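Architecture and fold: a report
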Amino acid sequence: MVTIPEASVAARAKYEPVIGLEVHVQLLTVTKIFCSCSTKFGAPPNTNVCPVCLGLPGALPVLNRKAVEFAALAAMALNCRINRTSIFARKNYFYPDLPKGYQISQYDKPLAEFGWIIIPSGDGEKKIGITRLHLEEDAGKSLHEGFADSAEATAIDLNRTGVPLIEIVSEPDIASPDEAYEYLTRLKEIILYTGVSDCNMEEGSLRCDANVSVRPRGQKEFGTKAEIKNVNSFRFIRDALEYEVNRQVGVLESGGRVTQETRLYDASEAKTYSMRSKEEAHDYRYFPEPDLLPLVVDEKSLAEIRAILPELPESRRKRMVADYGITMYDAQVLTASKNLADGFESAARQAKNPKRVANLVQSELMGRLKAKGLDISQSPISMKGVALSADLVESGAISGKMLKDLYDLSFERNQDFPEVYEKEKPQQISDSGAIEKIIEDVIAANLKQAEQYRAGKKTVMGFFVGQVMKATKGQANPQMVNALLSKKLES
Ligand SMILES: [Zn+2]
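Note that the structure is a prediction, hence the values are computed from the model and not measured. Throughout, residues of each chain are indexed from 1 in the direction in which the sequence is written. Whole-chain, interface and lining totals are the exception, using all residues; otherwise, since this is a predicted model, local features are given only for residues with pLDDT of at least 70 and side-chain atom pairs are given and counted only at 80 or more. Working from all heavy atoms in the structure, the side-chain values ignore hydrogens and water.

**Some thoughts on the confidence of the model for the chain**
The condition is simple: A residue's pLDDT is the confidence the predictor assigns to it, expressed on a 0 to 100 scale. Strands here are runs of E lasting at least two residues and helices are runs of H or I lasting at least four, both read from the DSSP assignment and numbered beginning at the N terminus.
For the chain, mean pLDDT is 91; residues scoring 70 or higher make up 97% of the total. Element-level mean pLDDT values for the chain span from 79 in helix α1 (residues 8-13) up to 98 in strand β10 (residues 164-170).

Shown next, in the form of structure tokens:
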């Protein structure tokens, strides 16, 4: 966590951060954007390459239809307007991992524009604009370590060259590092729901650059911005922005000038460092890519994509609150991933009391999954099992305690709940004669407490219930125990 020097807290309040985020998301296509090479992560270096992605003379790019569909699906989910015609452009620069000497991207006519995301902010909500969403190809990867001669040489892996990306550029609407964190969290959640990317930050499927400047509160013009590149977790981005805002305020307060530059974040020190000054940065000399036709997305394709757009987290939460009578908090937890939300809903629809299912999933199931480091898809208890267990408790056939024990057994044996239940079938004692007999024994053994109860100390009831449950190893039907106990104690 970043600590802010005491003295700068007052100064910080005079300034307002202005933050814009550029997020690159790798699309989950099987092949690259302009050739048929595989996009599989982790293949041996330089094995997924061909003349097209290597940029050999005479090789021509052919656009991957699936990449366009995925990009359009993401754009729709982010409330963007999809342009009927967009243009691919060459972004020219020299870098060792860019064999063509240019990257095919989109420039002044991107695939989609004018989107937005709603984020929680303070007690309410805030709309963060999305300027544009465009398609582009990824560059290769420079490997600076991991080889015997890494001290003298850099190795290049071109497997990633030509892998399809979308770049999502936000408006500078983000006014704090916390809002940046929320924006990224929501953005990732939405993209995951659409299924167009796995958003795996460790494998580089989601990368984020941040533009940040500060200005005196109330001032209209933006301050000079710095760009923070290649930060590999949302928490680090928040910390990097926190550091950078404080640094810029410090520079301005001491009478200095913020320089426009690219900075890198060092997570171990929680500081940003200057990488290169923007004044020296390249002019990319964009021009339309002559080897590709304008990209036209017609009405028919748009309708097809709209048809497969899934229900998105925000509206899903609202619907779940209405459908199942659960709280917004429950809905937040249960929609953390699409898998979890799908699972919950399938159980909630089968069970008699959806609210009980919501509680069971959150307290009994997720707790145990978390303890074992398992994802919902790896749960030994299926959603059918959850529904059955909820109904058994609902009907009084098993107690809450029995359910916990059965869940423990399911996890121990890696067996689904119905199997474990069938085998164990904890018999709840619902024979009133048998329960009455036990109650009589318990009262006879605790005459003093029975006296106290009759004298008006009703809280001793809990003690008696405990004794009866103990005597029956927790298998007595709790409702019957309660009813019979009060009858016996009052007689
Ligand atoms: Zn290729």
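**Section: the packing of helix α14 (residues 432-445) against helix α17 (residues 478-490)**
Defined as follows: Only the stretch in contact is used when a helix axis is fitted, and all axes are lines through C-alpha atoms; the angle between N-to-C directions ranges over 0 to 180 degrees. Relative orientations are named as follows: roughly parallel for angles under 35 degrees, roughly antiparallel for angles over 145 degrees, roughly perpendicular for angles from 65 to 115 degrees, and oblique for any other angle. In a left-handed crossing the near helix is turned counterclockwise from the far helix by less than a right angle, and in a right-handed crossing that turn is clockwise. We call two residues in contact whenever any of their non-hydrogen atoms come within 4.5 Å of each other. Residues are grouped as follows: Ala, Val, Leu, Ile, Met, Phe, Trp, Tyr, Cys and Pro are nonpolar; Asp, Glu, Lys and Arg are charged; every other residue, Gly included, is polar.
Where α14 contacts α17, the two axes come as close as 10 Å, and the packing angle between them is 50°. On the basis of their axis angle, the class for α14 and α17 is oblique. In the packing of α14 onto α17, the handedness of the crossing is right-handed. Contact residues: Ser 432, Ile 435, Glu 436, Ile 439, Glu 440 and Ile 443 in α14; Met 480, Val 481, Leu 484, Leu 485, Lys 488 and Leu 489 in α17. In terms of residue class, the contact of α14 with α17 is built from eight nonpolar, one polar and three charged.

**Regarding the packing of aromatic side chains**
Operational definition: Centres within 6.5 Å are what make two rings of Phe, Tyr or Trp a pair, Trp counting through its six-membered ring; a difference in plane orientation under 30 degrees is then read as stacked, over 60 as edge-to-face, and the rest as tilted. Buried means the residue's accessible area, taken with a 1.4 Å probe over protein chains only, is under 20% of the maximum for its type, while exposed means over 50%, and partly exposed covers the values in between.
Inspection of the entire model under this criterion finds nine aromatic pairs. Both rings, one in Phe 34 and one in Phe 88, keep their centres 5.7 Å apart while their planes meet at 85°; by these two values the pair is edge-to-face. Residue Phe 34 is located in the loop between β1 (15-26) and α2 (51-54), and its partner Phe 88 is located in strand β4 (residues 88-92); the two are separated by 54 residues in the primary sequence. Taken as a pair, Phe 34 and Phe 88 share a single burial class, namely buried. With centroids separated by 5.4 Å and ring planes inclined at 85°, the aromatic side chains of Tyr 324 and Phe 344 adopt a geometry described as edge-to-face. Of the two residues, Tyr 324 is situated in helix α7 (residues 313-324) and Phe 344 in helix α9 (residues 338-350); the sequence distance between them amounts to 20 residues. An aromatic cluster is present here, built from Tyr 93, Tyr 107, Tyr 284 and Tyr 286 joined pairwise through their rings.

**Here we look at the sheet that holds β4**
To summarise the sheet geometry, strands pair through backbone hydrogen bonds and adopt either a parallel or an antiparallel arrangement. Just so we agree on the cut-off: One bridge is not enough; two strands pair if DSSP finds at least two bridges between them.
With respect to topology, three strands assemble into an open sheet ordered β5-β4-β15, the strand pairing being antiparallel. Either end of the sheet is taken by a strand with one partner, and the two such strands are β5 (102-106) and β15 (287-288). Here five bridges tie β4 to β5, and the two strands are oriented antiparallel to one another. Within the sheet, the bridge partner assigned to Asn 92 lies in β5 and is Tyr 102.

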